[in-house]
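Observations on chain architecture
These are the residues of each chain, in order.
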Amino acid sequence: MLIKNYKFDVDKEKITDKSLYKKRREILKFMGIAGSITAFPNILSANDKYKLKTITPKEKATTYNNFYEFGLNKSDPAKNAHTLKTRPWQIKITGEVDKEIILDIDTILKEMPIIERAYRLRCVEAWSMNIPWRGFELNKLLNKVKINSAAKFVQFKTKYAPDEMIGQKNPYIGGFIQYPYIEGLRLDEAMNPLTLLANGMYGEDLPNQNGAPLRLVVPWKYGFKSIKSIVEIKLTKEMPKSTWMQLQSDEYGFYANVNPNVDHPRWSQAEERFIGGGFFSFGKVKTLMFNGYEEEVAHMYSGMDLVKNF
Ligand SMILES: Nc1nc2c(c(=O)[nH]1)N[C@H]1C(S)=C(S)[C@@H](COP(=O)(O)O)O[C@H]1N2
Ligand SMILES: [Mo]
(Lines give C-alpha, C1' and ligand atoms only; values in the text may rest on other atoms or scores of the structure.)
(Ligands and ions follow the chains in the order given, each with its own letter.)
Protein backbone atom coordinates (compact mmCIF):
# COMPACT_ATOMS: atom_id res chain seq x y z
CA MET A 1 0.00 0.00 0.00
CA LEU A 2 1.08 3.51 -0.73
CA ILE A 3 0.84 4.87 2.75
CA LYS A 4 3.26 2.35 4.11
CA ASN A 5 6.01 4.93 4.32
CA TYR A 6 3.73 7.21 6.21
CA LYS A 7 6.40 8.47 8.57
CA PHE A 8 8.02 10.26 5.69
CA ASP A 9 4.90 11.67 4.11
CA VAL A 10 6.27 15.08 4.86
CA ASP A 11 9.89 15.79 4.29
CA LYS A 12 10.88 17.18 7.64
CA GLU A 13 13.82 19.03 6.14
CA LYS A 14 11.37 20.94 4.02
CA ILE A 15 8.51 21.57 6.39
CA THR A 16 9.82 24.99 7.27
CA ASP A 17 10.09 25.97 3.63
CA LYS A 18 7.53 28.67 3.03
CA SER A 19 7.33 27.89 -0.63
CA LEU A 20 6.70 24.17 -0.19
CA TYR A 21 2.96 24.35 -0.33
CA LYS A 22 3.00 26.64 -3.37
CA LYS A 23 5.39 24.33 -5.12
CA ARG A 24 3.07 21.43 -4.46
CA ARG A 25 0.19 23.39 -5.86
CA GLU A 26 2.15 24.31 -8.94
CA ILE A 27 3.04 20.70 -9.54
CA LEU A 28 -0.56 19.65 -9.10
CA LYS A 29 -1.79 22.43 -11.35
CA PHE A 30 0.72 21.38 -13.95
CA MET A 31 -0.73 17.91 -13.78
CA GLY A 32 -4.23 19.31 -14.11
CA ILE A 33 -5.42 18.12 -10.76
CA ALA A 34 -5.32 21.33 -8.77
CA GLY A 35 -8.21 22.25 -6.55
CA SER A 36 -8.43 19.26 -4.32
CA ILE A 37 -5.04 18.47 -2.97
CA THR A 38 -5.04 14.82 -3.84
CA ALA A 39 -1.69 13.18 -3.78
CA PHE A 40 -0.29 10.76 -6.30
CA PRO A 41 2.96 9.89 -4.60
CA ASN A 42 3.83 7.06 -6.93
CA ILE A 43 3.52 9.30 -9.96
CA LEU A 44 5.39 12.22 -8.51
CA SER A 45 8.07 10.73 -6.36
CA ALA A 46 10.54 10.15 -9.17
CA ASN A 47 10.93 13.79 -10.13
CA ASP A 48 9.56 15.60 -7.12
CA LYS A 49 12.41 16.84 -5.04
CA TYR A 50 9.88 18.20 -2.56
CA LYS A 51 8.67 14.67 -1.85
CA LEU A 52 4.98 15.22 -2.26
CA LYS A 53 3.16 12.52 -0.37
CA THR A 54 -0.38 11.97 0.73
CA ILE A 55 -2.07 15.13 1.89
CA THR A 56 -5.67 14.85 3.07
CA PRO A 57 -7.98 16.59 0.58
CA LYS A 58 -9.20 19.97 1.76
CA GLU A 59 -12.82 18.85 1.26
CA LYS A 60 -12.33 16.17 3.89
CA ALA A 61 -10.32 18.21 6.41
CA THR A 62 -12.98 20.94 6.36
CA THR A 63 -16.11 18.77 6.58
CA TYR A 64 -15.07 15.94 8.91
CA ASN A 65 -14.38 17.77 12.16
CA ASN A 66 -14.47 17.62 15.91
CA PHE A 67 -15.61 20.95 17.37
CA TYR A 68 -18.21 20.07 19.98
CA GLU A 69 -19.23 23.71 20.42
CA PHE A 70 -21.04 23.19 17.10
CA GLY A 71 -22.36 19.67 17.60
CA LEU A 72 -21.13 16.15 18.17
CA ASN A 73 -21.38 14.76 14.64
CA LYS A 74 -18.41 15.09 12.31
CA SER A 75 -20.49 17.03 9.79
CA ASP A 76 -21.99 19.46 12.36
CA PRO A 77 -19.13 22.00 12.64
CA ALA A 78 -19.08 22.67 8.88
CA LYS A 79 -22.85 23.30 9.00
CA ASN A 80 -23.04 25.32 12.20
CA ALA A 81 -19.77 27.23 12.65
CA HIS A 82 -20.66 30.09 10.30
CA THR A 83 -22.33 31.82 13.28
CA LEU A 84 -18.98 32.28 15.05
CA LYS A 85 -17.79 35.88 14.79
CA THR A 86 -14.03 35.89 14.28
CA ARG A 87 -13.59 39.69 14.13
CA PRO A 88 -12.99 41.71 16.19
CA TRP A 89 -10.97 39.11 18.10
CA GLN A 90 -8.56 39.56 20.96
CA ILE A 91 -6.24 37.17 22.69
CA LYS A 92 -5.13 37.69 26.28
CA ILE A 93 -1.82 36.46 27.63
CA THR A 94 -2.25 36.19 31.39
CA GLY A 95 -1.09 34.53 34.59
CA GLU A 96 2.56 34.13 35.51
CA VAL A 97 3.87 36.95 33.33
CA ASP A 98 5.55 40.24 34.10
CA LYS A 99 2.65 42.10 32.56
CA GLU A 100 -0.59 40.68 31.19
CA ILE A 101 -1.35 41.76 27.63
CA ILE A 102 -4.32 41.84 25.29
CA LEU A 103 -3.49 41.56 21.61
CA ASP A 104 -5.65 42.05 18.56
CA ILE A 105 -5.55 39.04 16.22
CA ASP A 106 -4.61 41.21 13.22
CA THR A 107 -1.73 42.79 15.12
CA ILE A 108 -0.47 39.32 16.01
CA LEU A 109 -0.72 38.11 12.43
CA LYS A 110 1.11 41.17 11.15
CA GLU A 111 3.97 40.71 13.60
CA MET A 112 4.49 36.96 13.62
CA PRO A 113 6.68 35.21 11.04
CA ILE A 114 4.12 33.19 9.08
CA ILE A 115 5.15 29.74 7.86
CA GLU A 116 3.47 26.73 6.25
CA ARG A 117 3.91 23.18 7.48
CA ALA A 118 2.15 19.92 6.75
CA TYR A 119 1.58 17.90 9.91
CA ARG A 120 -0.15 14.65 10.62
CA LEU A 121 -3.16 14.98 12.91
CA ARG A 122 -4.02 11.85 14.90
CA CYS A 123 -7.37 11.91 16.67
CA VAL A 124 -7.74 9.83 19.81
CA GLU A 125 -10.65 8.13 18.00
CA ALA A 126 -8.07 6.37 15.77
CA TRP A 127 -8.46 8.30 12.53
CA SER A 128 -5.84 10.63 11.08
CA MET A 129 -5.17 13.24 8.43
CA ASN A 130 -2.19 15.07 7.00
CA ILE A 131 -2.92 18.79 6.86
CA PRO A 132 -0.92 21.71 5.47
CA TRP A 133 -1.19 24.44 8.10
CA ARG A 134 -0.29 28.09 7.92
CA GLY A 135 0.67 29.86 11.12
CA PHE A 136 3.57 30.57 13.43
CA GLU A 137 5.45 28.91 16.25
CA LEU A 138 3.76 29.44 19.61
CA ASN A 139 7.14 30.24 21.18
CA LYS A 140 7.33 33.34 18.98
CA LEU A 141 4.18 34.72 20.57
CA LEU A 142 5.12 33.69 24.12
CA ASN A 143 8.42 35.48 23.70
CA LYS A 144 6.48 38.73 23.52
CA VAL A 145 5.91 38.53 27.27
CA LYS A 146 8.31 38.08 30.14
CA ILE A 147 7.40 34.75 31.70
CA ASN A 148 7.90 34.43 35.47
CA SER A 149 10.18 31.64 36.61
CA ALA A 150 7.27 30.15 38.58
CA ALA A 151 5.43 29.34 35.35
CA LYS A 152 5.48 25.62 34.49
CA PHE A 153 2.42 25.17 32.27
CA VAL A 154 0.35 26.98 29.68
CA GLN A 155 -3.44 26.90 29.67
CA PHE A 156 -5.52 27.69 26.58
CA LYS A 157 -9.15 28.69 26.43
CA THR A 158 -11.67 28.68 23.57
CA LYS A 159 -14.11 31.55 23.13
CA TYR A 160 -17.25 31.36 25.24
CA ALA A 161 -20.17 32.78 23.28
CA PRO A 162 -23.37 30.72 23.52
CA ASP A 163 -25.14 33.00 21.04
CA GLU A 164 -22.53 32.14 18.42
CA MET A 165 -21.80 28.55 19.38
CA ILE A 166 -24.96 26.49 19.44
CA GLY A 167 -23.41 23.64 21.39
CA GLN A 168 -22.54 26.02 24.24
CA LYS A 169 -26.13 27.24 24.37
CA ASN A 170 -27.83 23.88 23.99
CA PRO A 171 -26.27 21.05 26.03
CA TYR A 172 -28.09 18.44 23.92
CA ILE A 173 -26.11 19.71 20.92
CA GLY A 174 -22.87 20.41 22.80
CA GLY A 175 -22.78 17.15 24.70
CA PHE A 176 -23.29 18.51 28.23
CA ILE A 177 -19.66 19.56 28.32
CA GLN A 178 -18.65 22.39 30.59
CA TYR A 179 -17.57 25.21 28.29
CA PRO A 180 -15.32 27.02 27.55
CA TYR A 181 -13.10 24.23 26.24
CA ILE A 182 -9.76 24.24 28.06
CA GLU A 183 -6.45 22.66 27.13
CA GLY A 184 -2.92 22.80 28.43
CA LEU A 185 0.73 22.06 27.74
CA ARG A 186 3.85 21.93 29.82
CA LEU A 187 5.89 25.07 29.22
CA ASP A 188 8.67 23.21 27.36
CA GLU A 189 6.07 21.56 25.11
CA ALA A 190 4.61 24.97 24.37
CA MET A 191 8.07 26.29 23.52
CA ASN A 192 8.95 23.34 21.25
CA PRO A 193 9.38 24.62 17.68
CA LEU A 194 6.89 22.02 16.37
CA THR A 195 4.04 23.61 18.35
CA LEU A 196 2.10 25.98 16.11
CA LEU A 197 -0.65 28.48 16.34
CA ALA A 198 -2.44 28.19 13.00
CA ASN A 199 -4.51 30.82 11.27
CA GLY A 200 -4.77 29.00 7.96
CA MET A 201 -4.73 25.70 6.13
CA TYR A 202 -4.36 24.70 2.46
CA GLY A 203 -2.95 28.16 1.76
CA GLU A 204 -6.15 29.90 2.90
CA ASP A 205 -7.56 31.40 6.09
CA LEU A 206 -8.88 28.80 8.54
CA PRO A 207 -12.54 27.95 8.07
CA ASN A 208 -14.49 28.49 11.31
CA GLN A 209 -15.01 24.74 11.73
CA ASN A 210 -11.24 24.25 11.91
CA GLY A 211 -10.80 26.82 14.67
CA ALA A 212 -10.67 30.31 13.22
CA PRO A 213 -9.19 32.73 13.75
CA LEU A 214 -6.38 30.98 15.66
CA ARG A 215 -5.98 27.40 16.92
CA LEU A 216 -3.27 25.31 18.44
CA VAL A 217 -1.57 22.50 16.49
CA VAL A 218 0.47 20.01 18.53
CA PRO A 219 1.23 17.22 16.04
CA TRP A 220 2.70 14.63 18.42
CA LYS A 221 -0.35 14.66 20.71
CA TYR A 222 -3.90 13.40 20.17
CA GLY A 223 -6.04 15.90 18.30
CA PHE A 224 -8.08 17.02 21.30
CA LYS A 225 -5.02 18.89 22.60
CA SER A 226 -5.13 21.13 19.51
CA ILE A 227 -7.68 23.58 20.90
CA LYS A 228 -9.61 25.80 18.52
CA SER A 229 -10.66 29.48 18.43
CA ILE A 230 -8.40 30.58 21.27
CA VAL A 231 -9.08 33.73 23.32
CA GLU A 232 -6.74 33.27 26.26
CA ILE A 233 -3.27 31.87 26.88
CA LYS A 234 -2.44 31.67 30.56
CA LEU A 235 0.91 30.83 32.13
CA THR A 236 0.36 28.77 35.28
CA LYS A 237 2.25 27.14 38.14
CA GLU A 238 -0.09 24.16 38.32
CA MET A 239 -1.02 21.65 35.64
CA PRO A 240 -4.20 22.93 33.99
CA LYS A 241 -7.24 20.67 34.12
CA SER A 242 -8.28 20.18 30.51
CA THR A 243 -11.87 19.71 29.41
CA TRP A 244 -11.24 16.06 28.62
CA MET A 245 -9.59 15.41 31.98
CA GLN A 246 -12.62 16.93 33.65
CA LEU A 247 -14.93 14.71 31.64
CA GLN A 248 -13.07 11.43 31.99
CA SER A 249 -9.63 11.58 33.55
CA ASP A 250 -9.11 7.82 33.39
CA GLU A 251 -9.48 7.89 29.59
CA TYR A 252 -7.94 11.23 28.63
CA GLY A 253 -4.75 12.28 30.36
CA PHE A 254 -2.95 15.58 30.41
CA TYR A 255 -0.07 14.49 28.19
CA ALA A 256 -2.07 12.65 25.52
CA ASN A 257 1.07 11.90 23.53
CA VAL A 258 0.30 9.66 20.56
CA ASN A 259 1.48 6.21 21.63
CA PRO A 260 0.67 2.95 19.83
CA ASN A 261 1.64 0.98 22.94
CA VAL A 262 -0.84 2.60 25.30
CA ASP A 263 -4.40 1.70 24.36
CA HIS A 264 -7.41 3.78 25.14
CA PRO A 265 -9.41 1.84 27.79
CA ARG A 266 -12.08 1.14 25.18
CA TRP A 267 -10.07 0.61 21.96
CA SER A 268 -6.62 -0.06 20.56
CA GLN A 269 -4.32 2.80 19.58
CA ALA A 270 -1.95 0.59 17.57
CA GLU A 271 -3.48 1.53 14.21
CA GLU A 272 -5.35 4.38 12.65
CA ARG A 273 -7.61 5.01 9.67
CA PHE A 274 -5.80 7.50 7.49
CA ILE A 275 -8.14 9.82 5.65
CA GLY A 276 -6.45 10.44 2.33
CA GLY A 277 -7.83 11.17 -1.07
CA GLY A 278 -8.39 9.98 -4.60
CA PHE A 279 -7.84 6.30 -5.15
CA PHE A 280 -6.30 5.96 -1.73
CA SER A 281 -9.16 7.39 0.31
CA PHE A 282 -8.85 5.29 3.41
CA GLY A 283 -6.17 3.05 4.67
CA LYS A 284 -5.25 1.40 7.92
CA VAL A 285 -1.76 2.44 8.92
CA LYS A 286 0.30 1.70 11.97
CA THR A 287 0.28 4.46 14.55
CA LEU A 288 3.75 5.79 15.26
CA MET A 289 5.28 6.78 18.57
CA PHE A 290 4.72 10.51 19.08
CA ASN A 291 2.84 10.40 15.76
CA GLY A 292 6.15 10.14 13.90
CA TYR A 293 7.78 13.13 15.61
CA GLU A 294 9.86 11.09 18.04
CA GLU A 295 13.12 12.67 16.90
CA GLU A 296 11.83 16.15 17.66
CA VAL A 297 10.04 15.55 20.95
CA ALA A 298 11.10 12.32 22.71
CA HIS A 299 13.84 14.15 24.64
CA MET A 300 11.19 16.06 26.58
CA TYR A 301 9.92 12.82 28.12
CA SER A 302 13.13 10.94 28.84
CA GLY A 303 12.82 9.02 32.08
CA MET A 304 9.09 9.61 32.24
CA ASP A 305 6.66 6.71 32.64
CA LEU A 306 4.54 7.09 29.51
CA VAL A 307 1.97 4.57 30.69
CA LYS A 308 1.31 6.43 33.90
CA ASN A 309 1.58 9.81 32.23
CA PHE A 310 -0.76 9.00 29.34
N1 LIG B 1 -12.60 24.18 21.22
C2 LIG B 1 -12.46 22.94 20.73
N3 LIG B 1 -11.26 22.57 20.21
C4 LIG B 1 -11.10 21.32 19.69
C5 LIG B 1 -12.17 20.37 19.74
C6 LIG B 1 -13.42 20.80 20.30
O7 LIG B 1 -14.41 20.04 20.38
N8 LIG B 1 -13.52 22.08 20.78
N9 LIG B 1 -11.96 19.09 19.26
C10 LIG B 1 -10.57 18.60 19.22
C11 LIG B 1 -10.41 17.31 18.55
S12 LIG B 1 -11.00 15.96 19.35
C13 LIG B 1 -9.73 17.20 17.36
S14 LIG B 1 -9.42 15.66 16.68
C15 LIG B 1 -9.30 18.40 16.60
C16 LIG B 1 -9.87 18.33 15.20
O17 LIG B 1 -9.39 19.38 14.41
P18 LIG B 1 -9.90 19.55 12.92
O19 LIG B 1 -11.40 19.51 12.95
O20 LIG B 1 -9.38 20.87 12.45
O21 LIG B 1 -9.33 18.41 12.12
O22 LIG B 1 -9.72 19.60 17.21
C23 LIG B 1 -9.60 19.63 18.63
N24 LIG B 1 -9.90 20.97 19.13
MO1 LIG C 1 -9.94 14.17 18.40
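Residues numbered from 1 in each chain as written. Chains lettered and ligands numbered in written order. Predicted model: local features only at pLDDT ≥ 70, side-chain atom pairs only at ≥ 80, totals over all residues. Heavy atoms only, no water.

**Topic: the overall build of the chain**
The following threshold applies: Numbering of helices and strands runs from the N terminus; a helix is a DSSP stretch of H or I covering at least four residues, while a strand is a stretch of E covering at least two. Note on classification: 1.4 Å probe, protein chains only; a residue is buried when its accessible area is under 20% of the maximum for its type, exposed when over 50%, partly exposed between these limits. Should any heavy atoms of two residues lie within 4.5 Å, those residues are considered in contact.
The secondary structure content of the chain amounts to 11 helices and 12 strands. Residue burial in the chain is summarised as follows: out of 310 residues, 56% are buried. Restricting the contact set of the chain to residue pairs at least 6 apart, pairs at least 24 apart contribute 70%.

**Overview of the pattern of salt bridges**
It is possible for side chains bearing opposite charge to pair when their charged atoms get close. Heads up, the condition is: By salt bridge we mean one thing: a side-chain nitrogen of Lys or Arg within 4 Å of a carboxyl oxygen of Asp or Glu.
Inspection of the entire model under this criterion finds 16 salt bridges. K74 serves as the salt-bridge partner of E125, at 3.0 Å between the closest nitrogen and oxygen. Within this pair, whereas E125 is found in the loop between β3 (115–122) and β4 (127–137), its partner K74 is found in the loop between α3 (58–61) and α4 (76–80), the two being separated by 51 residues in sequence. A relative accessible area of 18% places K74 in the buried class. A salt bridge links E164 to K159, with the nearest nitrogen and oxygen atoms 2.8 Å apart. For the pair shown, E164 and K159 are each scored as buried. Where salt bridges share partners, they join R117, E137 and K140 into one cluster.

**Brief notes about the site of ligand 1**
Inclusion rule: Consider each residue's heavy atoms; a residue with any of them within 4 Å of a molecule or strand counts as near. Distance and chemistry together define a polar contact, namely a pair of N or O atoms within 3.5 Å, with one atom able to donate a hydrogen and the other to accept it when in protein, and with adjacent residues in sequence counting only for side-chain atoms on both sides. Note on areas: Shrake-Rupley with a 1.4 Å probe; residue coverage comes only from the protein chains shown. Side-chain classes are defined by residue name, with Ala, Val, Leu, Ile, Met, Phe, Trp, Tyr, Cys and Pro counting as nonpolar, Asp, Glu, Lys and Arg as charged, and the others, Gly among them, as polar.
Lining the immediate environment of ligand 1, one finds 16 residues, of which N65, Y68, E69, N210 and K228 sit closest. Between ligand 1 and N66 there is a distance of 3.2 Å, counted from a nitrogen atom to a backbone nitrogen or oxygen. With the chains in place, 98% of the 540 Å² that ligand 1 exposes on its own is no longer accessible. Across the shell around ligand 1, the residue classes break down as seven nonpolar, six polar and three charged.

**Topic: the nonpolar core**
Counted only if it meets this: To define a nonpolar core, start from buried Ala, Val, Leu, Ile, Met, Phe, Trp, Tyr and Cys residues and group those joined through side-chain atoms within 4.5 Å.
The biggest cluster of nonpolar side chains holds 77 residues, and the ones touching the most others in it are W133, L141, F156, L197, L216, W220 and I233. Setting aside chain neighbours within four positions, we find L141 in contact with I93, L103, I108, M112, F136, L197 and I233.

**Observations regarding the pairing of strand β5 (residues 153–158)**
Note the threshold: When DSSP finds at least two bridges between two strands, those strands are taken to pair.
The buried fraction of β5 is high, at five of six residues. Relative to strand β6 (residues 182–186), β5 is paired through five bridges, and the arrangement is antiparallel. The residue of β6 that forms the bridge with Q155 is G184. Relative to strand β10 (residues 230–236), β5 is paired through six bridges, and the arrangement is antiparallel.

**Here we look at the packing of aromatic side chains**
Any pair of aromatic rings gets described here by the distance separating the centres and the angle formed by the planes. The test is simple: A pair of aromatic rings is counted whenever rings of Phe, Tyr or Trp (Trp by its six-membered ring) have centres within 6.5 Å, and the orientation is called stacked for planes under 30 degrees apart, edge-to-face for over 60 and tilted otherwise. Either the NZ atom of lysine or the CZ atom of arginine qualifies as a charge over a ring when it sits within 6 Å of the ring centre and within 35 degrees of the ring normal.
Summed over the entire model, instances satisfying the criterion amount to 12 aromatic pairs. Between Y172 and F176 the ring centres are 5.0 Å apart and the planes differ by 80°, which places this aromatic pair in the edge-to-face class. Given the relative accessible area of 69%, Y172 is considered exposed. Seen from their ring centres, F224 and Y252 are 5.5 Å apart, and the 85° between their planes marks the pair as edge-to-face. With a gap of 28 residues between them, F224 in the loop between β9 (215–217) and β10 and Y252 in the loop between α10 (243–248) and β11 (271–275) connect regions that are remote in the sequence. Ring-pair connections join several aromatic residues into one group, and the members of that group are F153, F254, Y255, F290 and Y301. Note that K74 overlies the ring of Y64, its terminal NZ or CZ placed 5.8 Å from the centroid.

**Quick notes on the side chain of K74**
Within the structure, K74 has its side chain in polar contact with the side chain of E125 (distance 3.0 Å). Residues in contact with K74, not counting those within four places in the same chain, are T63, Y64, N65, N66, E125 and W127.

**With respect to the sheet that holds β10**
How we decide: Note on geometry: axes are lines fitted to C-alpha atoms, helical ones only across the stretch in contact, with angles between N-to-C directions running from 0 to 180 degrees.
The five strands lie next to each other as β2-β1-β10-β5-β6, forming an open sheet whose pairing is mixed. Either end of the sheet is taken by a strand with one partner, and the two such strands are β2 (101–104) and β6. Within the sheet, the average angular offset between the axes of one strand and its neighbour, ignoring direction, is 20°.

**With respect to the pairing of strand β7 (residues 196–201)**
Of all six residues making up β7, six are buried, and the element is well covered by its neighbours. Here β4 runs beside β7; their pairing, made up of five bridges, is antiparallel. Of the residues in β7, the one forming a bridge with G135 is A198. With three bridges joining them, β7 and β9 adopt antiparallel strand pairing. Pairing of L196 across the sheet is with V217, part of β9. Alignment of β7 against strand β8 (residues 204–205), held across two bridges, turns out to be antiparallel. By the bridge assignment, M201 is partnered in β8 with E204. Linking β7 to β8, which pair antiparallel, is a turn of two residues; within it Y202 sits at a positive phi near 50°.

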